[in-house]
Amino acid sequence: MTKDPVRPIYFNIIVIFVIIIWLFLYIKDISSVPFHPDESTQIFMSKDVDLIISGHFNDLIYNSAYLMESEQRYRLLDSPVTRYIIGLARKITNSPSLFVDWDWTKSWVENQPALPGPKLLFVSRFSIAILLPFTLLMYYILSKDIFGKPVALLSSFLLMTNSLILLHVRRSMAEGALIFFIILGLFLLLQLPKKILFLSAIPIVLAINSKQSAFPLILIGIIYIIYLTRKDLKLVFKQVILYCLIAILLFFILNPVLWGNPHTVLNNMFLERNKLTTDQINSVSIENPDFILNNANLKLIGIFGQLFVVKPAIEDISNYENNLISAKTNYLNNILYRGLGRNLFVGSLYFIFFCFGLVTELKKKEFKKYFIILTFFLFFLEILFFIRIPFQRYYIILVPFSILFLSCGLINTFYFLKNAIFHMKSDNG
């Protein structure tokens, strides 16, 4: 029997139609996403692009005389890529910057000067949100190449409709760029010819400069390059050296704050990040001590909950809960946005399928699958050992991988049941 050539055509038409509808709704609802005060900070800091374009580089370099200035502190604390993207979008659309940063110690009313207008907020959000369609394209190609078309279709659909993704990547914050550059980094590692694998350092460094939690990706790139070029020691040495040089140089270029005294500034970056983490833990401990994850068991429960159970977190802490309640209610009225199936029962089923998918793919002993699994586990261990406050945004880095192995579990279960039914019919026949 020959296959019907019309069926794939109809299927492709349906897929394209779904993508167009999704893209329209995805962009249309950007403004409906409830506001997060950190968006103001990213927009406020996007004026660094104005300084770069105007040639005022000295204003970006670390200066010990301005230790108390918030701008300098943010340059030490935060990865710069998000503010660069927003700054470029403002320039392209001729949108003004914010001249006042959000102050968490003040009320919502007192912070009105730091609240971006509708146009500025949309432009800033759109510049980050538009990265997701390209993320999905690379995610699909990678999944198809490594795990097959059924898994690729299902995982891409689940990622594009995931309520956590739809919330966090449509804000003018780091998560959209983080996910994009992680997937781009993995995509280039697996697609580039051996001789130019070192160029994968570019998106990997951009991922780290979107959010520091992407740091394990540097190690992942080195491991992949060494494995793929292991039969030629000269090529191994050359690739790793070039990879590291590009990573260091690009990190230095993206962070002008380092240009004056790199050693001192790197140390200050580390100290400022530790201080912020300590302040967050102390602050949360006073308000809600049960929220702090102080042991491995609680952290594992936190990871399980954030990936499969917990509803989208509109706010990290409840400072402005009353001010956001209207926007939050309107947003969560959409069944897709409030997290379809995100409860303990369905989440537990998802977790079972996720584990089944992970185990079955491990048993297939294919290097590319091992590589993706290794990437997941390094990010997983990073969160397990270094994250004590279960802010949902901290776990977003694991979502594409959890969805991928959940899809593997569902598809492998389908094939297992299909084969079992076929054998039963054969035995009875």
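Please refer to the structure higher up on the page.
The structure reproduced in this document is the subject of the present report. (Residues numbered from 1 in each chain as written. Predicted model: local features only at pLDDT ≥ 70, side-chain atom pairs only at ≥ 80, totals over all residues. Heavy atoms only, no water.)

**Notes on the overall build of the protein chain**
The helix and strand tally for the protein chain stands at 19 helices and 0 strands. Taken against the 2.2 N^0.38 rule, which gives 22 Å for 429 residues, the C-alpha radius of gyration of the protein chain at 23 Å falls within 12% of a compact globule. On the principal axes, the C-alpha backbone points of the protein chain span a range of 85 × 60 × 45 Å. Classification of the 429 residues of the protein chain by burial places 49% in the buried group. Put simply, of all contacts in the protein chain between residues at least 6 apart along the chain, 79% involve residues at least 24 apart. For the protein chain, the exposed surface amounts to about 22000 Å²; the carbon and sulfur share of it is 69%. One finds the centroid of the 39 positive side-chain charges in the protein chain at a distance of 12 Å from the centroid of its 27 negative side-chain charges. (Helix = DSSP H or I, 4+ residues; strand = E, 2+ residues; numbered from the N terminus. Rg over C-alpha atoms; globule rule 2.2 N^0.38 Å. Buried < 20%, exposed > 50% of the residue type's maximum accessible area, 1.4 Å probe, protein only. Contact = heavy atoms within 4.5 Å. Areas by Shrake-Rupley, 256 points an atom, 1.4 Å probe, with all protein chains shown as cover. Lys, Arg positive; Asp, Glu negative; His and termini not counted. Charge placed at Lys NZ, Arg CZ, Asp CG, Glu CD.)

**Digging into a nonpolar patch on the surface**
Where nonpolar side chains cluster on the molecular surface, the patch consists of Ile 14, Phe 17, Val 18, Ile 21, Phe 24, Leu 25 and Phe 157 and spans about 670 Å² of accessible area. Judged by relative accessible area, which is 52%, Phe 24 ranks as exposed. (Patch = residues over 30% accessible without salt bridge, like charges linked within 9 Å, V, L, I, M, F, W, Y side chains within 5 Å. Salt bridge = Lys/Arg side-chain N within 4 Å of Asp/Glu carboxyl O.)

**Re the pattern of salt bridges**
Taken as a whole and assessed by the stated rule, the structure comprises 19 salt bridges. For Arg 393, the salt bridge is made with Asp 316, and the minimal N-O distance between the two is 2.7 Å. With Arg 393 in the loop between helix H18 (367–386) and helix H19 (399–428) and Asp 316 in the loop between helix H15 (296–308) and helix H16 (321–332), the pair connects residues that are 77 residues apart, well separated along the chain. For Arg 393, a relative accessible area of 10% gives the class buried. By sharing partners, the salt bridges in this structure join Asp 38, Glu 175, Lys 211, Asp 316 and Arg 393 into a single network.

**Concerning the packing of helix H7 (residues 131–147) against helix H8 (residues 149–160)**
Here H7 crosses H8 at 150 degrees, and the two axes come no closer than 7 Å. Here H7 lies roughly antiparallel to H8, going by the angle between them. Remark: the crossing between H7 and H8 carries right-handed chirality. In this structure, H7 contributes Leu 136, Tyr 139, Tyr 140, Ser 143, Lys 144 and Phe 147 to the contact, and H8 contributes Lys 149, Val 151, Ala 152, Leu 153, Ser 155, Ser 156, Leu 159 and Met 160. When its residues are assigned to classes, the contact of H7 with H8 shows 9 nonpolar, 3 polar and 2 charged. (Axes fitted to C-alpha atoms, helices over the stretch in contact; angles between N-to-C directions. Parallel < 35°, antiparallel > 145°, perpendicular 65-115°, else oblique. Left-handed = near helix turned anticlockwise from the far one by under 90°. Nonpolar A, V, L, I, M, F, W, Y, C, P; charged D, E, K, R; others polar.)

**A few points about unusual backbone geometry**
With a phi close to 55 degrees, Asn 94 is a non-glycine residue in the positive phi region. In this structure, Asn 94 sits in the loop between helix H5 (81–93) and helix H6 (118–129). Overall, Asn 94 belongs to the exposed group, its relative accessible area being 67%. Even without being a glycine, Lys 365 presents a positive backbone phi close to 50 degrees. Along the chain, the position of Lys 365 falls in the loop between helix H17 (344–363) and H18. Among the residues examined, Lys 365 registers a relative accessible area of 68% and is labelled exposed.

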